[in-house]
Amino acid sequence: VSECLYLINVKSNLFHQGWLGKKSANVRLETAQRTDKRVKSMFSIITGIQVIKMYGWENAFARSISAIRKCEIKAISKSYYIRATLLSLSFLTSLAVFATFVMYVMLGNSITAVKAFVTIAYFNYIRLSLVEFWPMAVTSVAEGWVSLRRVEEFLAQKVSHKPSVREARRKSVRIQSLQKGIF
């Protein structure tokens, strides 16, 4: 009886683990997008640092990057909450072993060392594969899928050639200057 309850619990956990894996993929995508936004902003700041220093915009850019970073940290925190939830499911195995022994005794049977050892070994075997490796696999596949999708999007972008400063001077292309810059 308790084995049936345990199997029902395992099946429901598999459903929840799959759902959490999909949620993890969404959170991973959100984190990656926010990280991209921060990296692009930092790249813009680094390339334009002379103009930023000249006009005294350091504090405004620092606030902007700080706000972007806070959003990124929120997404990363969500990811760790999902991982903690998946890892917390391992305590159910100990609870299932306890419930199995209680039901076994309540049905009028006696527990021997051999029965207890074999039962605990089977539950640990199931715990290892279904409670630890399965969520890790679901999460890894979901994150890999997100990464693959992002690489495909990157490779599908059109390549545009912007002349470098040397090419611009050589070809005498006029580079526009910053006038009346407002942040």
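Below: a short report on this structure.

1. Remarks on the overall build of the protein
On a plain count of helices and strands, the protein comes out with six helices and zero strands. Secondary structure elements in the protein, listed N-terminal to C-terminal, are α-α-α-α-α-α. Going through the 183 residues of the protein one by one, you find that 25% of them count as buried. In the protein, once contacts between residues fewer than 6 apart in sequence are set aside, the share between residues at least 24 apart is 80%. For the protein, the accessible area works out to roughly 14000 Å², and carbon and sulfur atoms hold 64% of it.

2. Brief notes about the pattern of salt bridges
The full count for this structure, using the stated rule, is five salt bridges. Of the charged contacts, one joins aspartate 36 and arginine 150 as a salt bridge, the two residues approaching to 1.9 Å between their closest N and O atoms. One end of the pair, aspartate 36, is in helix H1 (residues 2–47); the other, arginine 150, is in helix H5 (residues 113–156), and 114 residues separate them in sequence. Residue arginine 150 is classed as partly exposed on the basis of its relative accessible area of 25%. The salt bridge involving arginine 38 is made with glutamate 72; its shortest N-O contact spans 2.4 Å. One end of the pair, arginine 38, is in helix H1; the other, glutamate 72, is in helix H3 (residues 58–88), with 34 residues separating them in the sequence. Judged by relative accessible area, which is 21%, arginine 38 ranks as partly exposed. Through salt bridges with shared partners, a single ionic network connects Glu30, Arg34 and Lys78.

3. So, the side chain of threonine 119
Take threonine 119: it is sitting in helix H5. Of the residues examined, threonine 119 reaches a relative accessible area of 18% and is grouped as buried. Beyond its immediate stretch of four places on either side in the chain, threonine 119 contacts Thr100 and Phe101.

4. Considerations on the environment of isoleucine 65
Along the chain, the position of isoleucine 65 falls in helix H3. Looking at isoleucine 65, the relative accessible area reads 14%, which means it is buried. For the pair formed by isoleucine 65 and isoleucine 45, sequence separation is 20 residues and the distance between their alpha carbons is 9.6 Å. In this structure isoleucine 65 touches Arg38, Ser41, Met42 and Ile45, once residues within four positions along its chain are discounted.

5. Points about the environment of leucine 87
Relative to the elements of secondary structure, leucine 87 occurs in helix H3. As a C-alpha pair, leucine 87 and valine 131 span 44 residues in sequence and 7.8 Å in three-dimensional space.

6. Topic: the packing of helix H4 (residues 91–106) against H5
The N-to-C vectors of H4 and H5 enclose an angle of 145 degrees; their axes lie 10 Å apart at closest approach. Here H4 and H5 pass one another in a crossing that is right-handed. On the side of H4, the interface is formed by Thr93, Ala96, Val97, Thr100, Phe101 and Tyr104, while H5 contributes Lys115, Ala116, Thr119, Ile120, Phe123, Asn124, Arg127 and Val131. Residue composition of the contact of H4 with H5, by class: eight nonpolar, four polar and two charged.

Here is what the cut-offs are and how they apply
Residues numbered from 1 in each chain as written. Predicted model: local features only at pLDDT ≥ 70, side-chain atom pairs only at ≥ 80, totals over all residues. Heavy atoms only, no water. Helix = DSSP H or I, 4+ residues; strand = E, 2+ residues; numbered from the N terminus. Buried < 20%, exposed > 50% of the residue type's maximum accessible area, 1.4 Å probe, protein only. Contact = heavy atoms within 4.5 Å. Areas by Shrake-Rupley, 256 points an atom, 1.4 Å probe, with all protein chains shown as cover. Salt bridge = Lys/Arg side-chain N within 4 Å of Asp/Glu carboxyl O. Axes fitted to C-alpha atoms, helices over the stretch in contact; angles between N-to-C directions. Left-handed = near helix turned anticlockwise from the far one by under 90°. Nonpolar A, V, L, I, M, F, W, Y, C, P; charged D, E, K, R; others polar.

Read these as layout, nothing more, since geometry by itself doesn't imply function.
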